[in-house]
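# Remarks on the overall topology
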Amino acid sequence: MVMRRLTREARVSLARLPAIGKVPQGPTYTARDLIPGDPARGVRLLRGELEIAGAVRHLGRNWEDPSWTEGVRAAIQGFGWLRDLAALGTSGARARARTLVADWLGFVAPDPTESDAPVLGERIASLLAHYDFYAASADEAFQHALMTHLMIQARVIVALLPLNALDCSALGAMRGLLAAAIAMPEHAGYLQRFLRYIDVTLERQILADGCLANRSPEAQFQAVRELTEMRIMFQTARLQAPESVLNALDRLAPVLRALRHGDGGLALFNGASEHHAGLLDTVLAQASRVRVVAGAMPNGGFLRVTAGRSLLLVDAGVPAPAGFDSTANAGTLSLEFSVGRQRIFCNCGASPLRGWSQMLRGTAAHSVMGIEDRSSSDFAPGGGLSRRPVHVTADHQTQGGAHWLDLSHDGYRASVGATYRRRLYLGADGTDLRGEEIVEGEKPVAMVLRFHLHPSVSVEFDPSEEEIVLRAGQGGAWRFVQDGGVLSVEDSVYFGGPAPVKTAQITITVRPLAGEPAPVEAQAEPTGPVGGEATDPVVVEGVASDPAVAPATPPGEASTPTARVPTDATAVRRPGARMTLRPVPQPGAEAARQVVRWVMTRIDTEDASS
């Protein structure tokens, strides 16, 4: 291992020597960038301001800062922001782009990304994709310096092959190498090395069901984007794309479609952001010959359940293994729920900013149960996971259009001696979502069940009424009730877009007292044919809104086939309550068995099918 590292370092040192041979005056071929630029961001870049997840950086003053996270460094040094200046398209934008590139070319060595092949690849591809905008009209000295830089950076990627990066970031490096290969065809070694290593790069990342090994919708999108741009590069250079690239796109694209909500954006699992629906549509339209949605993702471990206009997505898989877990979250068994184009329940998303990045990976940033203020996985200093659930089970049954999910994981077994089981039900018309959250262990534990709300959802909550009403625009109005804990509405934050947005979360808190005996469950007879569908109708009355709910301020950067998920929860009427849940007895219940049950029902059912 030491000898391999020393050999690689020697190759990189040689690659960084002044370019040998003739430096081309300009690229022979360039392929366009699939991601559209933002003119408004281009205007800010004229002042040197680059906004990253709501925080402003100043380009040209400092190209390296030890305090930057990997995500911030990649955003700055990958030069993707060139697309924003190109979208602005003015002479001032062109001059600013040229000035910033010239400033980078004069940056004093050592290059902080000299061994970061994915960042090198992104920079090469970005500089070449926008070459005509900022460099075609430049003087020969600038063009020569730029092409020399591109040659050296491509040689560094070649020297780093095979890449240490196991996850899809390796595709960014390969895309940059291919961009250099078609731009400088006289350097045949670039294309030869690309063709030699692309197959193994794809094989180790794509699972049998088309999910990526790192289990991230964000990575799924980036991989489809990278491979689509590679295919376009081959077409531009009039070359035949490798069959492995085309086959990979055919396998990845259906999964990417399955991980989208009705609004067209991505589900927020494992480091994902929404992204604009139009961008995803554009990439998918050019990506694959296959135009289908994945029906099942057993290897990736995601469940996609549809009923009526409702969509339920659940992360029901074991977290990504070592080497693929740099963006893995402690969100095992977390859910997201949307109706039509309206998101209702979501996870908090992801951010590259210090102070946010680690926080958003924790269990508390997900719509799932958290135990003893811990996460279901622990994070290693290097960014991966040091502890994760070992056993994750998932059973999905359907009957008459209704869905039952029976899920569990042992992520809290080592830390607090408890296991977590989540049972979910979605009715056939999509207007009835129910859950039963079960924690079993050596003793009662403190628990908080969270449902993070999309910022567009309004909340009406009166603690004395024991229910919450959610108004979700075209997604309708919904009533949420629970049994087993203390119901409240708290602050939250949504990082699904380019900047944090204040929002709210529903929480159900269970805080057992010291020495408290195991909870004794109440008994009731089931009243519905599915054990959760009440035959006695429930009347909904008005609930006063709570304007005092104030979202959080972001910190500074620094089974069996007969399983019935909701069968143990029945809707009943009682004086002084809008709606409560009364559990059915559980035979053989353990002493430390704690249960929280909840029901969310649409209350404007006359509009549910519109």
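Residues numbered from 1 in each chain as written. Predicted model: local features only at pLDDT ≥ 70, side-chain atom pairs only at ≥ 80, totals over all residues. Heavy atoms only, no water.

Next up on the list: the side chain of His 452. As for its placement among the helices and strands, His 452 is situated in strand 14 (residues 447-453). Taking the relative accessible area as the measure of exposure, His 452 reaches 3% and is therefore buried. Setting aside residues no more than four positions away along its own chain, His 452 makes contact with Ile 344, Phe 345, Cys 346, Cys 348, Ala 364, Ala 365, His 366, Ser 367, Ser 492, Ala 504 and Gln 505. (Helix = DSSP H or I, 4+ residues; strand = E, 2+ residues; numbered from the N terminus. Buried < 20%, exposed > 50% of the residue type's maximum accessible area, 1.4 Å probe, protein only. Contact = heavy atoms within 4.5 Å.)

Our next topic: the packing of aromatic side chains. Scanning the model with the defined rule gives 19 aromatic pairs in all. Note on Phe 345 and Phe 480: the rings are 6.4 Å apart at their centroids and 85° apart in plane angle, and the pair reads as edge-to-face. With Phe 345 in strand 6 (residues 342-346) and Phe 480 in strand 17 (residues 477-483), the pair connects residues that are 135 residues apart, well separated along the chain. A residue is classified by how much of its surface remains accessible, and Phe 480, at 0% relative accessible area, is buried. An aromatic cluster of three or more residues is present, and its members are Phe 337, Phe 345, Phe 451, Trp 478, Phe 480 and Trp 598. Sitting over the ring of Phe 302, Arg 215 keeps its end group 4.8 Å from the ring centre. (Phe/Tyr/Trp six-rings, centres within 6.5 Å; stacked < 30°, edge-to-face > 60°. Lys NZ or Arg CZ within 6 Å of the ring centre and 35° of its normal.)

On to the sheet that holds strand 15 (residues 458-462), then. Read from one edge to the other, the open sheet built from 8 strands follows the order 10-11-12-13-22-17-16-15, with strand pairing classed as antiparallel. Either end of the sheet is taken by a strand with one partner, and the two such strands are strand 10 (392-399) and strand 15. For this sheet, the mean angle separating the axes of adjacent strands, direction not counted, is 15°. Pairing analysis gives 9 bridges linking strand 13 (residues 432-441) to strand 22 (residues 593-602), with the strands arranged antiparallel. Within the sheet, the bridge partner assigned to Val 439 lies in strand 22 and is Gln 594. (Pairing = 2+ DSSP bridges. Axes fitted to C-alpha atoms, helices over the stretch in contact; angles between N-to-C directions.)

In contact at an axis separation of 10 Å, helix 8 (residues 140-160) and helix 9 (residues 169-183) are set at 130° when each is read in the N-to-C sense. When the axis of helix 8 is compared with that of helix 9, the two are oblique. The handedness of the crossing between helix 8 and helix 9 is left-handed. The residues of helix 9 that touch helix 8, namely those facing Ala 154, Ile 157 and Val 158, are Ala 173, Leu 177 and Ala 180. (Parallel < 35°, antiparallel > 145°, perpendicular 65-115°, else oblique. Left-handed = near helix turned anticlockwise from the far one by under 90°.)

Between Leu 161 and Pro 162 the backbone carries a cis peptide bond, its omega angle lying at -5°. Looking at the element boundaries, Pro 162 is found in the loop between helix 8 and helix 9. One non-glycine residue, Phe 79, adopts positive backbone phi at about 65°. Tracing the backbone shows Phe 79 in the loop between helix 3 (70-77) and helix 4 (82-88). Under the relative-accessibility criterion, Phe 79 is labelled buried at 0%. Positive phi, normally seen in glycine, also occurs at His 275, with a value near 70°. Positionally, His 275 belongs in the loop between helix 12 (243-258) and helix 13 (277-287).

This next bit is on the environment of Leu 171. Mapped onto the fold, Leu 171 is located in helix 9. Expressed as a C-alpha distance, the spacing of Leu 171 and Gln 222, which sit 51 residues apart in the sequence, is 8.8 Å. Among all residues touching Leu 171, those that are not within four sequence positions of it are Ile 198, Thr 201, Leu 202, Gln 205, Ala 223, Glu 226, Leu 227 and Met 230.

On to the nonpolar core. Counting 98 residues, the largest nonpolar core has Trp 81, Tyr 134, Leu 146, Tyr 190 and Leu 227 as the members making the most contacts within it. Those residues in contact with Leu 146 that lie beyond four places of it in its chain are Val 101, Leu 105, Leu 127, Tyr 131, Tyr 134 and Ala 135. Of all hydrophobic cores here, the second largest spans 48 residues; its members include Leu 303, Val 339, Phe 345 and Val 439. (Core = buried A, V, L, I, M, F, W, Y, C linked by side-chain atoms within 4.5 Å.)

Now for the pairing of strand 6. In terms of residue burial, strand 6 counts as a mostly covered element, since 5 of its 5 residues are buried. Summarising the sheet, strand 5 (residues 335-339) and strand 6 pair through 3 bridges and their orientation is antiparallel. What sits directly across from Val 339, in strand 6, is Gln 342. Taken together, strand 5 and the strand that follows it, strand 6, pair antiparallel across an intervening segment of 2 residues, in which Gly 340 is found at a positive phi of about 60°.

Turning next to the packing of helix 10 (residues 188-203) against helix 12. Between helix 10 and helix 12, the least distance of the axes is 9 Å, while the angle of their chain directions is 25°. In terms of orientation, helix 10 lies roughly parallel with respect to helix 12. Handedness of the helix 10/helix 12 crossing: left-handed. From helix 10, Ile 198, Asp 199 and Leu 202 reach across to helix 12, where they touch Ser 244, Val 245 and Ala 248.

A few words now on the pattern of salt bridges. A full pass over the atoms with the stated rule returns 26 salt bridges. The partner of Arg 597 in a salt bridge is Glu 436, and the shortest N-O contact between them spans 2.8 Å. Glu 436 carries the same exposure label as Arg 597, and that label is buried. The partner of Asp 604 in a salt bridge is Arg 602, with the nearest N and O atoms 2.7 Å apart. Each member of the pair, Asp 604 as well as Arg 602, carries the same accessibility label: buried. Each of the salt bridges in this network shares a partner with another, and the network as a whole consists of Glu 122, Arg 175, Arg 225, Glu 226 and Glu 229. (Salt bridge = Lys/Arg side-chain N within 4 Å of Asp/Glu carboxyl O.)

Another point: helix 11 (residues 217-236). Its 20 residues give helix 11 an end-to-end C-alpha distance of 28 Å, which sits within 8% of 28 Å, the value for a rise of 1.5 Å per residue. Across the 20 residues that make up helix 11, a large majority, 18, are buried. Its side-chain oxygen placed 3.2 Å from the backbone nitrogen of Glu 218, Ser 216 serves as the N-cap of helix 11. Downstream of helix 11 by a residue or two, Arg 238 has a phi angle that is positive, lying close to 60°. (Expected span 1.5 Å × (residues − 1). Polar contact = N/O pair within 3.5 Å; in protein donor to acceptor, adjacent residues only side chain to side chain.)

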